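Structural characterization, general
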Amino acid sequence: MVRLSKRITEPSILVKPISRFGGLDNIHIALLVLVAILIMLLLTVSYNTKIYVINASASGNATNHSVASPRHTPSDIKLIAERILASYGTINSSLSLLPYLSNVSAVNVSYAPITKQWYVSVPYTGPVNGKSYLFTISIDDLNTSDFTPFVQAIRPRSVSNDYVISKGVVKLSGATSCQTGNSTPVYWFIDPYAPGSMQSLQNLTSLQSRFGSRVNVTLKILYAQASQAIAATYGLNNTMQLGKYLLCASGQRNFTPFVRAVNATYQGTYVPAYQLQTLAGESGLNVTSLDSCVSSSQQAINAQAVQAKYYNITSSAAVLTDCEYLSIPQTAQDSVCYANPSAC
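Predicted model only: the values in this text are computed from it and were never measured.

Re the pattern of salt bridges
In this structure the tally under the stated criterion is two salt bridges. Among the ionic pairs, Glu-82 bridges to Lys-78, the shortest N-O distance being 2.5 Å. Note that Glu-82 and Lys-78 are positioned in helix α2 (residues 74–87) at a spacing of four residues, about one turn of the helix. By relative accessible area, which is 8% here, Glu-82 ends up buried. Accessibility expressed as a relative area gives 16% for Lys-78, which makes it buried. Put simply, Glu-324 and Lys-171 hold a salt bridge, and the shortest N to O gap is 3.5 Å. Of this pair, Glu-324 sits in the loop between β10 (318–321) and β11 (325–327) while Lys-171 is found in strand β7 (residues 169–171), placing the two residues 153 residues apart along the sequence.

The structure is reproduced here in structure tokens:
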């Protein structure tokens, strides 16, 4: 049997009694106290910190007041936002409809003194689904030309002096009323070959039917980009025939049946003169008078181009009411009612 040469000793285990702090030493206790103090300090600062925001309704009256007064008033900012909206009308995209889809009577304006930024929210209606959305802009109080649209990545290159004055209506800067008597003048500018222009004539005849003698609607023909593209293939004189026939037919009693007939056959492509002549006869127009007008209408169309340039109208279709309110065919009724409330 093997004997051990050394005596084996068992390790000793020391057990300390639990103190009144649950076994925590002084360092851990100090850390816990420090954390508790920091939490209480954070809660105290958060409770006593106030963020002041000025909210303004569509009327521009502030509902709360800030300690730090901004340079501009809610009414100032609302007008700037309306000018920004109007500037989208010059963008060559679907955003050009934004000024006429926005409801500026329901605008909300607020101010954050910490960032010195104004926030403007304008509800607008989607043209396809009819749903309501918000168009929001932040505007720097110190430099109001510095603005950022939240929803749309595209912004106008410059801010127009025109502004959205009512739902569907843009007020042209510097323009004045040209109404004489009780009839409100309405100028309907179209490039006949531009998308939607021919269909807009149904809005024109509906406007005439509703308001009767209270409005004086005049069709104006533009030779713009769409017609120029057609002219490159079919020639200038042939392309201009559609506009001339529409212009001359608009002065006759049976213009509405002619519009319906043209829209029923129009496919967005070139319309030859012989087809227009046939539709005119079928619609009950005075063909002799129509032919005479068509042959001498070029001078009138040239004058209309000058008028369109004066009002900076380049897109089709555009509606000018009382020489100072711009709209699209879908909101022409709103424009008439704004220019002449008694007509509505």
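There is more to say, and it comes next.
Observations concerning helix α5 (residues 225–234)
Among the residues making up α5, those that are buried are Ser-227, Ile-230 and Ala-231. Buried residues in α5, looked at end-on, bunch into an arc of 105 degrees, giving them a common side. The exposed residues of α5 that point more than 90 degrees off its buried face are Gln-225, Ala-229, Ala-232 and Thr-233. Against α6 (236–249) lie the buried residues of α5.

What to know about unusual backbone geometry
Note that the residue after Ser-316, namely Ala-317, is joined by a cis bond; omega there is 0 degrees. Tracing the sequence through the fold places Ala-317 in the loop between α10 (298–310) and β10. At Lys-116, a position not held by glycine, the phi torsion is positive, near 55 degrees. Counting through the fold element by element, Lys-116 comes out in the loop between β2 (108–112) and β3 (117–125). Assessed through its relative accessible area of 38%, Lys-116 is described here as partly exposed. Of note in the backbone geometry, Asn-312 takes a positive phi value of approximately 60 degrees without being a glycine. As for its position among the elements, Asn-312 is in the loop between α10 and β10. Judged by its relative accessible area of 57%, Asn-312 falls in the exposed class.

Remarks on the sheet that holds β11
The six strands lie next to each other as β6-β7-β11-β10-β8-β9, forming an open sheet whose pairing is mixed. The open sheet terminates on both sides in strands that have one partner only, identified here as β6 (163–166) and β9 (215–221). When the angles between neighbouring strand axes are averaged without regard to direction, this sheet yields 30 degrees. Examined bridge by bridge, β6 and β7 share three bridges and lie antiparallel to one another. Note on β7: the bridge partner recorded for Tyr-163 is Lys-171. Its contacts with the sheet place α2 against β6 and β7, and it is angled at close to 110 degrees to β6. Along the sheet, α10 contacts β8 (184–190) and β9; its crossing angle with β9, the most-contacted strand, is approximately 105 degrees.

A few points about the environment of Tyr-223
Here Tyr-223 is to be found in the loop between β9 and α5. Of the residues examined, Tyr-223 reaches a relative accessible area of 33% and is grouped as partly exposed. Between the C-alpha atom of Tyr-223 and that of Tyr-193, which follows or precedes it by 30 residues, the distance is 9.1 Å. Setting aside residues no more than four positions away along its own chain, Tyr-223 makes contact with Gln-228, Ala-231, Leu-236 and Met-240.

Some remarks on the pairing of β10
Burial along β10 is two-sided: the face carrying Ala-318 and Leu-320 and the face carrying Val-319 and Thr-321 are both buried. With four bridges connecting them, β8 and β10 associate as antiparallel partners. Bridging from a neighbouring strand, Trp-188 pairs with Val-319 of β10. Of the pairings in the sheet, the one linking β10 to β11 comprises three bridges and is antiparallel in character. Note that in β11 the partner of Thr-321 across the bridge is Tyr-325.

Structural notes on the state of the cysteines
Evaluation of the coordinates by the stated rule reveals three disulfides. Put simply, Cys-337 and Cys-344 are joined by a disulfide, and their sulfur atoms are 1.9 Å apart. The sign of the S-S torsion, about -95 degrees, decides the handedness of the disulfide formed by Cys-337 and Cys-344: left-handed. In the protein chain, the bonded cysteines, numbered by position in the sequence, are linked as 1-4, 2-3, 5-6.

What about the nonpolar core?
Counting residues in each nonpolar core, the largest one holds 41 residues, and the members touching the most others are Trp-188, Leu-201, Leu-219 and Phe-258. The set of elements that each furnish at least two residues to this core consists of β8, α4 (197–211), β9, α6, α7 (255–265), α8 (273–282), α9 (287–295) and α11 (332–339). Among the elements that line this core, the one with the most residues is α6, at seven residues. Once you skip the residues sitting within four places of it in the chain, Phe-258 turns out to touch Tyr-245, Leu-246, Ala-249, Leu-276, Leu-279, Ala-280, Ser-283 and Leu-285.

Rules used in this analysis
- Residues numbered from 1 in each chain as written.
- Predicted model: local features only at pLDDT ≥ 70, side-chain atom pairs only at ≥ 80, totals over all residues.
- Heavy atoms only, no water.
- Salt bridge = Lys/Arg side-chain N within 4 Å of Asp/Glu carboxyl O.
- Helix = DSSP H or I, 4+ residues; strand = E, 2+ residues; numbered from the N terminus.
- Buried < 20%, exposed > 50% of the residue type's maximum accessible area, 1.4 Å probe, protein only.
- Arc of directions from axis to C-beta.
- Contact = heavy atoms within 4.5 Å.
- Pairing = 2+ DSSP bridges.
- Axes fitted to C-alpha atoms, helices over the stretch in contact; angles between N-to-C directions.
- Disulfide = S-S within 2.5 Å.
- Core = buried A, V, L, I, M, F, W, Y, C linked by side-chain atoms within 4.5 Å.

Keep in mind these numbers describe shape, not what the thing actually does.
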